[in-house]
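If you want the building blocks of each chain, they are given just below.
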Amino acid sequence: MAKILRIILVIVLFIIFFEIGLFSSYTIVTAEVPDVQGLIDMQVNKITGFFNPQNVNEVLIKDPTYVNITNQKDVAMQMENLSNVDGINVESMNASTFDDTDNSEFNVTVEALGYAAPNSTSGQIIISQNPSYKVIVSGVAFYRSGELVVDTDTIKVDSVLKLY
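Definitions and limits used
Residues numbered from 1 in each chain as written. Predicted model: local features only at pLDDT ≥ 70, side-chain atom pairs only at ≥ 80, totals over all residues. Heavy atoms only, no water. Helix = DSSP H or I, 4+ residues; strand = E, 2+ residues; numbered from the N terminus. Contact = heavy atoms within 4.5 Å. Areas by Shrake-Rupley, 256 points an atom, 1.4 Å probe, with all protein chains shown as cover. Buried < 20%, exposed > 50% of the residue type's maximum accessible area, 1.4 Å probe, protein only. Salt bridge = Lys/Arg side-chain N within 4 Å of Asp/Glu carboxyl O. Phe/Tyr/Trp six-rings, centres within 6.5 Å; stacked < 30°, edge-to-face > 60°. Polar contact = N/O pair within 3.5 Å; in protein donor to acceptor, adjacent residues only side chain to side chain. Core = buried A, V, L, I, M, F, W, Y, C linked by side-chain atoms within 4.5 Å.

Requested: an account of the overall build of the protein chain, with residues and values cited.
A tally of helices and strands in the protein chain yields four helices and eight strands. Long-range contacts, defined as pairs at least 24 residues apart, comprise 54% of the intrachain contacts of the protein chain with a sequence gap of at least 6. Of the roughly 12100 Å² of accessible surface on the protein chain, 58% is carried by carbon and sulfur atoms.

Okay, structure coming up:
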């Protein structure tokens, strides 16, 4: 029984010292008297937000939903321009999303294989059929006339990985 009381006492002292540190740092940073009730309410809201059933689904890692985009060539051209590769393989293009596809607009991630410039060694030009890069971009997709289209103006490069 004494052991449990010691553990509870340590937890209570930890919480008290944490709160004192929070209030003192607030005073130092803002040079004002802290709003004790506001700070406590903020902490309670943050803690209860973790256990909110609606937020549990957002925390869980979901498998991506693969989608078929109809403007693959436009997306490939934009990927090529933004990532500074010399070509994008449209057949290797893969679009996926973690968002709800029933929304009017949602974020998509597009992956494709990219090709480097031809290498010239000792006067010969060697064109490789093997991709040199994996390009990953993200953008906003929406439905236009029943077809899923990625807005090429919203595309930004997430990564360009060199393949060996």
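Could you give me a rundown of unusual backbone geometry, with the residues and numbers involved?
The backbone phi angle of Ala-31 is positive, close to 60°, even though this residue is not glycine. Structurally, Ala-31 is set in the loop between α1 (2–30) and α2 (36–50). Although it is not a glycine, Asn-84 sits at a positive phi angle of roughly 60°. With respect to the helices and strands, the residue Asn-84 is situated in the loop between α4 (72–83) and β2 (87–97). Its relative accessible area of 68% is what places Asn-84 among the exposed residues.

Tell me about the side chain of Gln-43, residues and numbers included.
Relative to the helices and strands, Gln-43 is located in helix α2. The residues touching Gln-43, leaving out its near neighbours within four places in the chain, are Phe-18, Glu-19 and Leu-22.

Give me the pattern of salt bridges: which residues, what numbers.
The tally for this structure, following the rule as stated, stands at two salt bridges. As a salt-bridge pair, Lys-134 and Glu-111 come within 3.4 Å of each other at their nearest N and O atoms. Of the two residues, Lys-134 is situated in strand β6 (residues 133–144) and Glu-111 in strand β3 (residues 105–115); the sequence distance between them amounts to 23 residues. For Lys-156, the salt bridge goes to Asp-158, with nearest N and O atoms at 3.6 Å.

Residues and numbers for the packing of aromatic side chains, please.
All chains considered together, the criterion is met by one aromatic pair. For the pair Phe-106 and Tyr-143, a centre-to-centre distance of 6.2 Å together with 55° between the ring planes defines the contact as tilted. With Phe-106 in strand β3 and Tyr-143 in strand β6, this pair connects stretches of sequence that are 37 residues apart. Owing to a relative accessible area of 3%, Phe-106 belongs among the buried residues under this scheme. Given a relative accessible area of 43%, Tyr-143 falls into the partly exposed group.

Tell me about the environment of Thr-154, and name the residues and values.
Looking at the secondary structure, you find Thr-154 in the loop between β7 (147–150) and β8 (156–162). Thr-154 sits in the partly exposed class, given a relative accessible area of 31%. Along the sequence, Thr-154 and Ala-141 sit 13 residues apart, while their C-alpha atoms lie 9.0 Å from each other. For Thr-154, the contacting residues outside a window of four places in its chain are Ser-138, Gly-139 and Val-140. A distance of 3.0 Å separates a polar atom in the side chain of Thr-154 from the backbone nitrogen of Val-140.

Could you give me a rundown of the nonpolar core, with the residues and numbers involved?
Core analysis: the biggest nonpolar cluster contains 19 residues, and Val-75, Met-79, Ile-88, Met-93 and Val-110 have the highest contact counts within it. Within the residue set of this core, elements represented by two or more residues are α4, β2, β3, β6 and β7. A per-element tally of this core places β3 first, with four residues. Residues contacting Met-93, with those up to four places away along its chain left out, are Ile-69, Gln-72, Val-75, Ala-76, Met-79, Ile-88, Val-110, Glu-111 and Ala-112.

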